[in-house]
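Below are the chains, spelled out letter by letter.
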Amino acid sequence: ERQTETLTKEKSRAQSELDTLKVQTSKKITMLSDMLKYEREKLKDEEGEWKATKKVLVKEVKNCRAQILALQAERDGLKEQNEMLKRAIVT
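These figures come from a predicted structure and were not determined experimentally.

Draft legend 1. Region of the structure containing the overall build of the protein chain. Scanning the protein chain for helices and strands turns up one helix and zero strands. Taken over C-alpha atoms, the radius of gyration comes to 39 Å for the protein chain, far larger than the 12 Å a tight globule of 91 residues would show. Considered along the principal axes of its C-alpha atoms, the protein chain spans approximately 130 × 15 × 10 Å. The proportion of buried residues among the 91 residues of the protein chain is 0%.

Structure below.
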């Protein structure tokens, strides 16, 4: 009878430990799930910001390239005009 009582106490203690571990594990799972959800939302927001920034930078590069072409054309025109004036002065 003593052995039965001891086994019953051990079983009760083991069940109590198991229940405690289940609760702790459940809390950890919930916490990790929340962290994962947060990180995914953060990544999604950062991707949106990155895409918006990229779009702005692409437009800026296109504008800069167009401005470079315009300035090169203006430079070439001024060089040609300068050469013509030099020739006019020489003759």
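Draft legend 2. Representation of the pattern of salt bridges in the model. Counted by the stated rule, this structure contains three salt bridges. In this structure, the salt-bridge partner of Arg13 is Glu17, at a minimum N-O distance of 3.1 Å. Linking Arg13 with Glu17, this pair stays in helix H1 (residues 2-90), spanning four residues, or about one helical turn. Accessibility expressed as a relative area gives 48% for Arg13, which makes it partly exposed. Residue Asp76 pairs with Arg75 through a salt bridge whose shortest N-O separation is 3.1 Å.

Draft legend 3. Region of interest: a negative patch on the surface. On the surface, a cluster of negative charge is contributed by Glu39, Glu41, Asp45, Glu46, Glu47 and Glu49. When you line up the elements, Glu49 lands in helix H1. Glu49 sits in the exposed class, given a relative accessible area of 54%.

Draft legend 4. Expanded view of a nonpolar patch on the surface. A cluster of nonpolar side chains, Met31, Leu32 and Met35, forms an exposed patch at the surface whose accessible area comes to about 310 Å². Relative to the elements of secondary structure, Leu32 occurs in helix H1. Since its relative accessible area comes to 51%, Leu32 is described here as exposed.

Calculation notes
- Residues numbered from 1 in each chain as written.
- Predicted model: local features only at pLDDT ≥ 70, side-chain atom pairs only at ≥ 80, totals over all residues.
- Heavy atoms only, no water.
- Helix = DSSP H or I, 4+ residues; strand = E, 2+ residues; numbered from the N terminus.
- Rg over C-alpha atoms; globule rule 2.2 N^0.38 Å.
- Buried < 20%, exposed > 50% of the residue type's maximum accessible area, 1.4 Å probe, protein only.
- Salt bridge = Lys/Arg side-chain N within 4 Å of Asp/Glu carboxyl O.
- Patch = residues over 30% accessible without salt bridge, like charges linked within 9 Å, V, L, I, M, F, W, Y side chains within 5 Å.
- Areas by Shrake-Rupley, 256 points an atom, 1.4 Å probe, with all protein chains shown as cover.
- Lys, Arg positive; Asp, Glu negative; His and termini not counted.
- Charge placed at Lys NZ, Arg CZ, Asp CG, Glu CD.

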